[in-house]
Structures are given as C-alpha cells and as structure tokens.
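Structural characterization, general
Okay, here's what each chain looks like letter by letter:
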Amino acid sequence: GAGVSQSPRYKVAKRGQDVALRCDPISGHVSLFWYQQALGQGPEFLTYFQNEAQLDKSGLPSDRFFAERPEGSVSTLKIQRTQQEDSAVYLCASSLFGRTSGTSYEQYFGPGTRLTVT
Amino acid sequence: AQRVTQPEKLLSVFKGAPVELKCNYSYSGSPELFWYVQYSRQRLQLLLRHISRESIKGFTADLNKGETSFHLKKPFAQEEDSAMYYCALRANYGGSQGNLIFGKGTKLSVKP
C-alpha cells in the first residue's frame, strides 16, 4: 500500500514568507507526528496528533509554527514569517494507534520536505 | 533529561569486518529503544526495536540498562549496509504515546 507522502518535496522561501507543508499519512493511521531535522542532526519532535486532536505541541520552536489535522487525516504544518534558522527537512510520520499499553506501534516516515529559507 | 547519544559521526569499515554502532541513552524510566536506518535517497525506516529481540539484515542490538546502552552490531558488514543510522528512544508515558527522541546519527561506510 501507499506509504506516508509529503508535499512539496522541496521548498525555497524568501525570509519573511509564509509556507505550508502537507503530510498524507497512511490511511487509517491514528497518530501523526511532525519532526524537524536540521543539517547534520537527528530528527527533533515538533508536534503530535491523535486523529484531529493536537495532543502535544511542546516541540514547536516558536509561535510562528502552527500545525493542524482538521479531519484526522491530512495534516499541514504552517510556518509564518520564515527565518533562516527554519531551514531544515521537515518529516512527517504516522502510526497505527495512539495509546500505549505496553505495545509499541511503528512510526512510518514520509520522504520529508526540504525547506530552504534565503 | 531524555537524551540519545551517538558518539561517532562516521564509521568506516571494510566489507566482511565486524561493525558496532554505539548508542547511549539517558532516561529515568523504562524506555523503548529503536534503530532507524536511512539509505541514500530513501526515507527513514525502522531497522529494529529492542522489545522484539530480533535480527534484521544480520544486525542485532541488546539493551543494557546498567550501561544505558543499545549498541547496534553486525558480525560481517556488507557494502549495502552503507547508510545513516539513527538510534532513537521512545518514552513510555502512562496512557499516551511518546514521540521519538533521536541521536544525531552515525554514517556507516562499508568499503569493498
């Protein structure tokens, strides 16, 4: 079946522009995560959705970052007034379920969107 | 603080040699540990997890709670193992799914 897809794959924005990054999770997956991966670093958690509910946004670096998943499927990560430090690969991951009961559900990653702010 | 440390940015070995990618973690609880791999021009994918105690593509990893380590090992490296490897920790919060905390990654290069 289709995996997690993300669009666009590459985005170049001028400093100060707003951008919107899209994530299509695997159909039926309840949980959706956004991560930010700066050059030479591992992915870092941004925010987590269970269905349409945003249960954790502790990793969002500033109030310029906003994420939504209104119908519990597709998610959009929006960055307002982009800054050079926002340049990174933004990864989306989905997993089947959202609650732990001693059971781990694998997170499936998308290909990422590489954002370059000039 | 929860943290994953991969001390080596780059590890270069010859084909057929043993390989060990180091991972240490810091977490005051009972975490789940994972190894993810990213081959050239491919997406991040799960390689193995400690709770499964499985061997994937000849790789194994044992969770050592005393040393807080989860090193990835393979007795005989192959050229196709060349990739970026990330160790990750998933916090087991009660009643909620924890996000993954990644190390900075180790690039494994297997020379012919």
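Scroll up for the structure.
Below or above, wherever it landed, is the structure these notes cover. (Residues numbered from 1 in each chain as written. Chains lettered and ligands numbered in written order. Predicted model: local features only at pLDDT ≥ 70, side-chain atom pairs only at ≥ 80, totals over all residues. Heavy atoms only, no water.)

The next thing to look at is the interface of chain A and chain B. Counting residues at the interface gives 26 residues for chain A, matched by 20 residues for chain B. For the interface between chain A and chain B, the tally reads 1 salt bridge. Here A:Glu106 and B:Arg49 are joined by a salt bridge, their closest N and O atoms 3.6 Å apart. At the boundary of chain A with chain B, the tally comes to 5 residue pairs in polar contact (both at pLDDT 80 or more). Secondary structure elements with two or more residues in the side of chain A that touches chain B: strand 4 (31-37) and strand 5 (44-50) of chain A. Here the side of chain A that touches chain B gets 4 residues from one element, more than from any other, and that element is strand 4 of chain A. Of the residues in the side of chain A that touches chain B, the class split is 10 nonpolar, 13 polar and 3 charged. (Contact = heavy atoms within 4.5 Å. Salt bridge = Lys/Arg side-chain N within 4 Å of Asp/Glu carboxyl O. Polar contact = N/O pair within 3.5 Å; in protein donor to acceptor, adjacent residues only side chain to side chain. Helix = DSSP H or I, 4+ residues; strand = E, 2+ residues; numbered from the N terminus. Nonpolar A, V, L, I, M, F, W, Y, C, P; charged D, E, K, R; others polar.)

Attention now goes to the state of the cysteines. Per the stated rule, a full pass over the model turns up 2 disulfides over all chains. What pairs with A:Cys23 in a disulfide is A:Cys92, and their sulfur atoms sit 1.8 Å apart. For the disulfide bridge between A:Cys23 and A:Cys92, the dihedral angle about the S-S bond is near -65°, and by the sign convention the bridge is left-handed. Residue A:Cys23 is found in strand 3 (residues 19-24), and its partner A:Cys92 is found in strand 9 (residues 88-95); the two are separated by 69 residues along the sequence. Between the sulfur atoms of B:Cys23 and its disulfide partner B:Cys87 the distance amounts to 2.0 Å. The disulfide joining B:Cys23 to B:Cys87 has a torsion of about -65° about its S-S bond and is therefore left-handed. Of this pair, B:Cys23 sits in the loop between strand 3 (19-21) and strand 4 (24-26) while B:Cys87 sits in strand 9 (residues 83-90), and the two are 64 residues apart along the sequence. Residue class for B:Cys23 comes out buried when judged on its relative accessible area of 0%. Owing to a relative accessible area of 0%, B:Cys87 belongs among the buried residues under this scheme. (Disulfide = S-S within 2.5 Å. Buried < 20%, exposed > 50% of the residue type's maximum accessible area, 1.4 Å probe, protein only.)

This model, assessed by the stated rule, comprises 8 salt bridges over all chains. Across the pair A:Glu68 and A:Lys78 runs a salt bridge whose closest N-O atoms are separated by 3.4 Å. Linking A:Glu68 in strand 7 (residues 65-68) with A:Lys78 in strand 8 (residues 75-79), this pair joins segments that are 10 residues apart in sequence. What emerges from the salt-bridge pattern is a single network uniting B:Glu20, B:Lys22 and B:Lys73.

Here we come to the nonpolar core. Formed by 27 residues in total, the largest nonpolar core has its most connected members in B:Trp35, B:Leu72 and B:Tyr85. Sorting the residues of this core by element identifies strand 2 (10-14), strand 3, strand 5 (32-38), strand 6 (45-49), strand 9 and strand 11 (106-111) of chain B as the ones contributing at least two each. Here this core gets 4 residues from one element, more than from any other, and that element is strand 9 of chain B. When near neighbours in sequence (up to four residues on either side) are disregarded, B:Tyr85 contacts B:Gln6, B:Leu21, B:Trp35, B:Tyr36, B:Val37, B:Leu47, B:Phe59, B:Leu72, B:Gly105, B:Thr106 and B:Leu108. Membership of the second largest hydrophobic core comes to 20 residues, among which are A:Leu32, A:Ala67, A:Leu77 and A:Leu115. (Core = buried A, V, L, I, M, F, W, Y, C linked by side-chain atoms within 4.5 Å.)

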